[in-house]
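Descriptive analysis of the structure
Chain residues, written in single-letter form:
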Amino acid sequence: MALIEIDGFDPADVAAFADCFGRTVPPIAVHPVGIPQPLPAGPETTLDLQVLAAAAPGLEAIDVYQGDSILMPIAAAVTSARRHPDVISMSLGGCENEQTAVGVRIVNSLLMLAAGSGTTTLVSSGDEGSSGCTNAEGAVLPVLAAEFPATSPYVTAVGGTNLELDADNAIVDEWVWNGSPRNTGAGSGGQSLLFARPWWQRAGTLNVTHPNRTVPDVAALADTGPGYAYYCTAPACVERLDPGGAGGWMTVGGTSAAAPLVAGGIALADEA
């Protein structure tokens, strides 16, 4: 498994999570790309590693590629001959209208290379519902929010749901994540402005008439209520998720959790 990250993690936090739930943390290797040293601990990498420890503790290895943007870490993960990933998970992206044409072409080419070499790439679709795209003044654009690189036709975009469980912990029902009006946050998705509808979205049963790629492709638990149990003591985690608190145990949601959860499932399928 390869993770594409723009923050770091504290190994003690990941170990505390795993110890609590009786899981084993897979071997982790950190690869700073284009930066002099590993990045400070933050919420994204910490969450990805804890979800993977829960979902796929038997992974042979997790390679964490860190950089100050997604481009160089993706390139390093995709072109690594010695540590070629079976699965890539990435919980990063932004509205399509905020991307540069050159950046989109380069990243999409790398994702195409990954797909062609047998790597499955999972990308979170975003957490701002239909209102994630804004103009330069910050006004919400009247388009359904679709984020790149989730809209690349060479990745599987992961959206968000919530679940109802019975007393035996079995899923009774599942519905789209939309916290409004009680909580901000919802699974993003919509029609791409950059990519045509790929061949695998042209099946007649989809009943889709517009010509462009749509996201998400799949979805998993992302709602912040009840959310995922999560352990992080890093200042960046406390500032973002528990302002004024002391850190440690808290709950977190988002498609940033759904993406590594599905990625862990893909790894288990590959193993089988």
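Residues numbered from 1 in each chain as written. Predicted model: local features only at pLDDT ≥ 70, side-chain atom pairs only at ≥ 80, totals over all residues. Heavy atoms only, no water.

With that settled, consider unusual backbone geometry. Trans is the prevailing form of peptide bonds, just as negative phi is the prevailing case for residues other than glycine. For the bond from Phe148 to Pro149, the omega torsion is 15 degrees, close enough to zero to count as cis. By the element assignment, Pro149 lies in the loop between strand E7 (147-148) and strand E8 (156-165). Each neighbour pair has its own omega, and for Gly225 with Pro226 the value is 5 degrees, a cis peptide bond. Inspection of the secondary structure puts Pro226 in the loop between strand E12 (218-221) and strand E13 (228-232). (Helix = DSSP H or I, 4+ residues; strand = E, 2+ residues; numbered from the N terminus.)

By the definition in use, this model includes five aromatic pairs. Here Phe17 and Phe21 contribute two aromatic rings whose centre-to-centre distance is 5.1 Å and whose plane-to-plane angle is 50 degrees, an arrangement assigned as tilted. Of this pair, Phe17 and Phe21 both sit in helix H1 (residues 11-21), separated by four residues, roughly a single helical turn. Since its relative accessible area comes to 6%, Phe17 is described here as buried. Judged by its relative accessible area of 43%, Phe21 is partly exposed. Of the aromatic side chains, those joined through ring pairs into one cluster are Phe17, Phe21, Tyr231 and Trp249. (Phe/Tyr/Trp six-rings, centres within 6.5 Å; stacked < 30°, edge-to-face > 60°. Buried < 20%, exposed > 50% of the residue type's maximum accessible area, 1.4 Å probe, protein only.)

Before going further, it helps to spend a moment on empty space enclosed by the protein. Evaluation of the coordinates by the stated rule reveals one cavity of 30 Å³ or more. As for the largest cavity, its lining consists of Cys95, Glu96, Asn97, Cys133, Leu141, Val143, Leu144, Ala146, Gln191 and Leu193. Its residues assigned to classes, the lining of the largest cavity comprises seven nonpolar, two polar and one charged. (1 Å grid on protein atoms, 1.4 Å probe; cavity = no way out; pocket = protein on both sides within 12 Å on 5 of 7 lines; lining within 4 Å. Points joined across faces, edges and corners; volume = space filled by probe spheres on them. Nonpolar A, V, L, I, M, F, W, Y, C, P; charged D, E, K, R; others polar.)

This part covers the layout of surface pockets. What the largest pocket holds in volume is close to 540 Å³. Residue lining of the largest pocket: 27 residues in total, with Glu44, Asp127, Arg240, Gly254 and Ser256 positioned closest to the centre. If you list the elements that add at least two residues to the lining of the second largest pocket, you get H1, helix H2 (43-55), E8 and E13. The element contributing the most residues to the lining of the second largest pocket is H2, with five residues. Of the residues in the lining of the second largest pocket, the class split is 14 nonpolar, four polar and one charged.

Secondary-structure assignment places Ser124 in strand E6 (residues 120-124). Classification of Ser124 by relative accessible area gives buried; the value is 4%. With near-sequence residues (within four places) excluded, Ser124 lies in contact with Met90, Ser91, Leu92, Ala150, Val158, Thr255, Ser256 and Ala259. (Contact = heavy atoms within 4.5 Å.)

Side chains three or four residues apart in an α-helix point the same way, a direct result of the helix having 3.6 residues per turn. Along its 13 residues, H2 runs 18 Å from first to last C-alpha, staying within 8% of the 18 Å computed at 1.5 Å per residue. Of all 13 residues in H2, eleven are buried, a share of seventy percent or more. Within H2, burial applies to Pro43, Glu44, Thr45, Thr46, Leu47, Asp48, Leu49, Gln50, Val51, Leu52 and Ala53. (Expected span 1.5 Å × (residues − 1).)

Enumeration over the complete set of coordinates arrives at three salt bridges. Residue Asp63 is joined to Arg83 by a salt bridge in which the shortest nitrogen-to-oxygen separation is 2.6 Å. With a gap of 20 residues between them, Asp63 in strand E3 (residues 62-66) and Arg83 in the loop between helix H3 (71-79) and strand E4 (87-90) connect regions that are remote in the sequence. What makes Asp63 buried here is its relative accessible area of 6%. Assessed through its relative accessible area of 23%, Arg83 is described here as partly exposed. Among the ionic pairs, Asp217 bridges to Arg213, the shortest N-O distance being 2.8 Å. (Salt bridge = Lys/Arg side-chain N within 4 Å of Asp/Glu carboxyl O.)

Disulfides are covalent bonds that connect the sulfur atoms of two cysteines. In this structure the tally under the stated criterion is two disulfides. Linked covalently through their sulfurs, Cys95 and Cys133 form a disulfide whose S-S length is 1.8 Å. Taking the sign of the S-S torsion, about 95 degrees here, the bridge from Cys95 to Cys133 comes out right-handed. Of the two residues, Cys95 sits in strand E5 (residues 94-95) while Cys133 sits in the loop between E6 and E7, which places them 38 residues apart along the sequence. Grouping residues by exposure puts Cys95 and Cys133 together as buried. Note that Cys232 is cross-linked by a disulfide to Cys237, the S-S spacing being 2.1 Å. One disulfide, between Cys232 and Cys237, carries an S-S torsion of 60 degrees and so falls in the right-handed class. Each of the two residues, Cys232 as well as Cys237, counts as buried. Sequence-ordered numbering of the bonded cysteines in the protein chain yields a pairing of 1-2, 3-4. The closest cysteine sulfur to the non-disulfide-bonded Cys20 is located on Cys232, 15 Å from its own sulfur. (Disulfide = S-S within 2.5 Å.)

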